[in-house]
Amino acid sequence: MKIFRIFSILLAAPILFACSKAPAPDHTSLYEEIRHVNKMEFASMAVTKTVKTERSDWYKIGKRIAVYSYDTYLKAYIDLYEFEPEDMEFDEKNKTVKVTLPPVKVEIAGRDMEMKKEYENVGILRTDIDSKERALMKEKASADLKKELEGEPEYKLRLENTARRKARSYFENIFKNAGYTAFIRFSDEIPNGGDFNIKNYD
């Protein structure tokens, strides 16, 4: 009787082990690898801004026209500080992962210190364009650019699209190296309802 009971237990053991689920893989290290970068730049460009000053006071003789330009540098980046563990949805059976990245952001990264003179016509009896006036011209151009960026100028859209394309490729490779096929989207691209539509994945 005891022998039969021991034999029954030995037969049941493999069945119990077979029915138990394997523990879910820990993706903490993969998350930390992505998260530790914080701001990750994926695209940059230079935008040339031109500003003009012109005076033709009736009581002064001669023209006073000047056109200057300078480059402002923009960068498109993802702030991975906003990336959370729940932004990764793993399917261990199919070895896929749905990843929702923070939106691409564009900011001014810098600008030329000096302005380039494109055109100048200052009459003999008129005062020259001094450094103070050039500085005011530059500040006006900078303010105009910042206001412009609040809209959706074509160059900003191109920069964002380039950054999204490079970000997708970068993160697809990270997950590929970890053994997963990744489907990448950005949080500002989520359709109504929030579903992750792989069929329409770009």
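Residues numbered from 1 in each chain as written. Predicted model: local features only at pLDDT ≥ 70, side-chain atom pairs only at ≥ 80, totals over all residues. Heavy atoms only, no water.

**Observations concerning the overall build of the protein chain**
Helices and strands together make up the secondary structure of the protein chain, namely four helices and seven strands. Counting from the amino terminus, helix and strand elements in the protein chain follow one another as α-α-β-β-β-β-β-β-α-α-β. Per-residue burial over the protein chain gives 34% buried out of 202 residues. When the accessible surface of the protein chain is summed, it comes to about 13,700 Å², and 54% of that surface belongs to carbon and sulfur atoms. (Helix = DSSP H or I, 4+ residues; strand = E, 2+ residues; numbered from the N terminus. Buried < 20%, exposed > 50% of the residue type's maximum accessible area, 1.4 Å probe, protein only. Areas by Shrake-Rupley, 256 points an atom, 1.4 Å probe, with all protein chains shown as cover.)

**With respect to the pairing of strand S4 (residues 96-101)**
For S4, the buried fraction is high: five of the six residues fall into the buried class. Note that strand S3 (residues 88-91) and S4 share four bridges and pair antiparallel. Bridge pairing in S4 links Glu89 to Lys98. Connecting the antiparallel pair S3 and S4 is a turn made up of four residues, with Lys95 showing a positive phi of about 55 degrees. (Pairing = 2+ DSSP bridges.)

**Let's talk about the side chain of Ser142**
Here Ser142 lies in helix H3 (residues 131-149). The buried category is assigned to Ser142, whose relative accessible area is 8%. Among residues more than four places away in sequence, those in contact with Ser142 are Tyr70 and Arg111. (Contact = heavy atoms within 4.5 Å.)

**Remarks on the sheet that holds S4**
Taken together, three strands build an open sheet; the order of strands is S3-S4-S7 and the sheet is mixed. At either end of the open sheet lies a strand with only one pairing partner, and these are S3 and strand S7 (181-186). The average angle at which neighbouring strand axes cross in this sheet is 15 degrees, direction not considered. Across six bridges, the pairing between S4 and S7 is parallel. Each bridged residue has a counterpart across the sheet, and for Thr100 the counterpart in S7 is Arg185. Contacts from helix H4 (residues 154-177) reach S3, S4 and S7, with the element oriented near 150 degrees to S7. (Axes fitted to C-alpha atoms, helices over the stretch in contact; angles between N-to-C directions.)

**Digging into the nonpolar core**
Membership of the largest hydrophobic core comes to 30 residues, with the highest contact counts inside it found for Ile34, Ile78, Phe83, Leu101, Phe171 and Phe175. Of all elements in the fold, only helix H2 (28-35), strand S1 (39-55), strand S2 (64-79), S4, H3, H4 and S7 reach the threshold of two or more residues within this core. Looking at this core element by element, the count peaks at seven residues for H4. Excluding anything up to four places from it in sequence, Leu101 contacts Ile78, Phe83, Phe171, Ile184, Arg185, Phe186 and Ser187. (Core = buried A, V, L, I, M, F, W, Y, C linked by side-chain atoms within 4.5 Å.)

**Some thoughts on H3**
The terminal C-alpha atoms of H3 lie 27 Å apart, and with 19 residues this matches the ideal 27 Å at 1.5 Å per residue to within 8%. Residues of H3 that are buried include every one of Glu133, Met137, Lys138, Ala141, Ser142, Leu145 and Leu149, and no others. (Expected span 1.5 Å × (residues − 1).)

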